[in-house]
Amino acid sequence: MDIQELRGEIDRIDDDLVKLFTQRMEIAAQIADCKKAENLPIFVPSREREKLADVAKKAGPEMANYTRVLYSMLFELSRSYQGKRSGNLSALYQQITQAIASTPQLFPQTPMVACQGVEGAYSQIACEKIFKNPFIIYFKNFDGVFSAIDQGLCQYGILPIENSTAGSVKKVYDLMIRHNFSIVRTFRLKVDHSLLANPGASMDSIREIYSHEQAISQCGDFLNRHKNIQLTPVENTAVAAEMVANSGRTDLAALSSRSCAELYGLQCLASGVQDEGNNRTRFICISKNLEIYPGSDKTTIMMVLNHRPGALYRVLARLYVLGINVTKLESRPIPDRDFEFMFYFDLDTSIYSEEFVQLMCELGDLCEEFKYLGSYCEVV
């Protein structure tokens with residue numbers, strides 16, 4: 001047979017597969033009705049394990065793994081369709097709809113906001129882009145920002161979550177496990193680092209540079225050209241500029257924003273020293289209460305998955321079935337739990353979409369534990 005004849009055979013088989021698939025989904029819908037009437041769970045792990053073993057055996061050794069993958073996806077499609085047909089709205093989705101209804105239409109303009117660092121920090125710059133006239137309280141570390149939200153000292157907090165050059169801010173992700181909060185907005189800030197020093201200093205006189213570890217990693221090419229200079233990580237880039245100014249030393253410099261030069265009376269020895277010209281840091285704005293503002297088209301969730309093969313695949317397969325794009329996936333170890341991880345998903349989906357509603361109603365079936373961190377839009 002030539003290729004056209006073989007393709008004709010494939011087409012005929014596909015016609016049969018489509019008919020059989022439709023019949024299978026219709027029966028799955030009837031099963032969903034029975035489960036709803038008898039108050040039975042949609043997902044029955046033992047039934048799926050038995051079925052996967054059976055179809056793999058029937059397929060034979062060469063096709064066994066392919067058949068398992070095919071049927072795993074088929075099961076996800078069936079569960080998704082059954083969940084949609086059942087029409088049960090989860091407690092989480094009801095909480096979300098209440099938040100949508102109770103959140104003001106206009107984003108706050110002059111709230112009390114917690115930022116890490118001191119005057120001139122990138123968090124402050126991001127904060128002033130998100131809010132029109134914020135009242136800012138500065139904290140020494142990221143934990144202080146989370147605590148300020150927990151205790152109600154500030155209505156909102158601003159935290160860096162990832163950088164386009166240096167990657168995720170691990171400390172913030174680790175703190176997200178410990179604290180209760182909701183993400184209400186995000187912002188991507190273009191970050192330009194400058195080398196700042198006291199008046200009278202020169203590039204040849206610098207022996208030590210202060211900065212945050214993320215800024216240091218973002219300026220690797222520049223720093224590699226000056227390997228004789230000692231690098232000292234500090235809490236914040238603006239803190240680094242303040243420390244340099246207070247030291248009075250001319251052999252000390254800071255990697256910081258150019259705005260800190262005027263703020264702390266420093267001179268700029270070199271500007272734009274980051275590796276990438278389009279260096280951007282994504283900041284999250286968090287709140288103690290669940291607030292969902294109009295236009296929210298991004299969602300963040302946390303999940304603890306069972307420590308077994310295929311656990312992450314099940315989640316990704318369900319998202320694929322629903323047509324929801326994953327824009328970021330991050331994993332962090334859970335403290336005091338050996339080899340167990342918390343997974344963070346950033347999802348691109350409108351809160352008003354049918355897919356979003358369905359996912360919020362099915363999350364409990366996909367993982368061991370989950371936490372909804374909020375839906376929001378991103379300011380650019």
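Residues numbered from 1 in each chain as written. Predicted model: local features only at pLDDT ≥ 70, side-chain atom pairs only at ≥ 80, totals over all residues. Heavy atoms only, no water.

1. Looking at the environment of V169
Here is step 1: Considering the arrangement of structural elements, one finds V169 in the loop between β4 (167-168) and α7 (170-178).
Here is step 2: Relative accessible area serves as the criterion here: at 7%, V169 is assigned to the buried category.
Here is step 3: Along the sequence, V169 and T281 sit 112 residues apart, while their C-alpha atoms lie 9.8 Å from each other.
Here is step 4: Beyond its immediate chain neighbours, meaning those up to four positions away, V169 contacts F142, P160, I161, E162 and Q214. (Helix = DSSP H or I, 4+ residues; strand = E, 2+ residues; numbered from the N terminus. Buried < 20%, exposed > 50% of the residue type's maximum accessible area, 1.4 Å probe, protein only. Contact = heavy atoms within 4.5 Å.)

2. Examining the pairing of strand β5 (residues 182-190)
Here is step 1: Burial of β5 is extensive: seven of the nine residues sit out of reach of the surface.
Here is step 2: In this structure, β5 lies alongside strand β11 (residues 280-287), joined through eight bridges in antiparallel fashion. Considered in β11, the bridge of R185 is made with C285.
Here is step 3: Direction of pairing for β5 relative to strand β15 (residues 369-379): parallel, over a ladder of three bridges. By the bridge assignment for β15, F187 is matched with V379. (Pairing = 2+ DSSP bridges.)

3. Remarks on the confidence of the model for the protein chain
Here is step 1: For the protein chain, the average pLDDT comes to 91, and 99% of its residues sit at 70 or higher.
Here is step 2: Mean pLDDT per element in the protein chain: helix α13 (residues 354-366) is the minimum at 83, and strand β7 (residues 208-211) is the maximum at 98. (pLDDT = per-residue confidence, 0-100.)

4. Remarks on the packing of helix α6 (residues 142-150) against α7
Here is step 1: α7 packs onto α6 with a crossing angle of 30° between their chain directions and a minimal axis gap of 10 Å. As far as their axial angle goes, α7 and α6 are roughly parallel. By crossing handedness, the relation of α6 to α7 is classed as right-handed. In contact with F142, D143 and F146 of α6, α7 contributes K171, V172, L175, M176 and R178. (Axes fitted to C-alpha atoms, helices over the stretch in contact; angles between N-to-C directions. Parallel < 35°, antiparallel > 145°, perpendicular 65-115°, else oblique. Left-handed = near helix turned anticlockwise from the far one by under 90°.)

5. Let's talk about the pattern of salt bridges
Note on pairing: side chains with opposite charge can pair once their charged atoms come close.
Here is step 1: Enumeration according to the criterion identifies 20 salt bridges in this entry.
Here is step 2: When the shortest N-O distance is used, the salt bridge between D54 and K58 registers 3.1 Å. You can see D54 and its partner K58 sitting in helix α2 (residues 45-59), four residues apart, about one turn around the helix.
Here is step 3: On the accessibility criterion, K58 (67% relative accessible area) is exposed.
Here is step 4: For R178, the salt bridge is made with D143, and the minimal N-O distance between the two is 3.3 Å. Linking R178 in helix α7 with D143 in helix α6, this pair joins segments that are 35 residues apart in sequence.
Here is step 5: Three or more residues are tied together by salt bridges with common partners; here these are E162, K170, R188, R282, K328, E330, D346 and E378. (Salt bridge = Lys/Arg side-chain N within 4 Å of Asp/Glu carboxyl O.)

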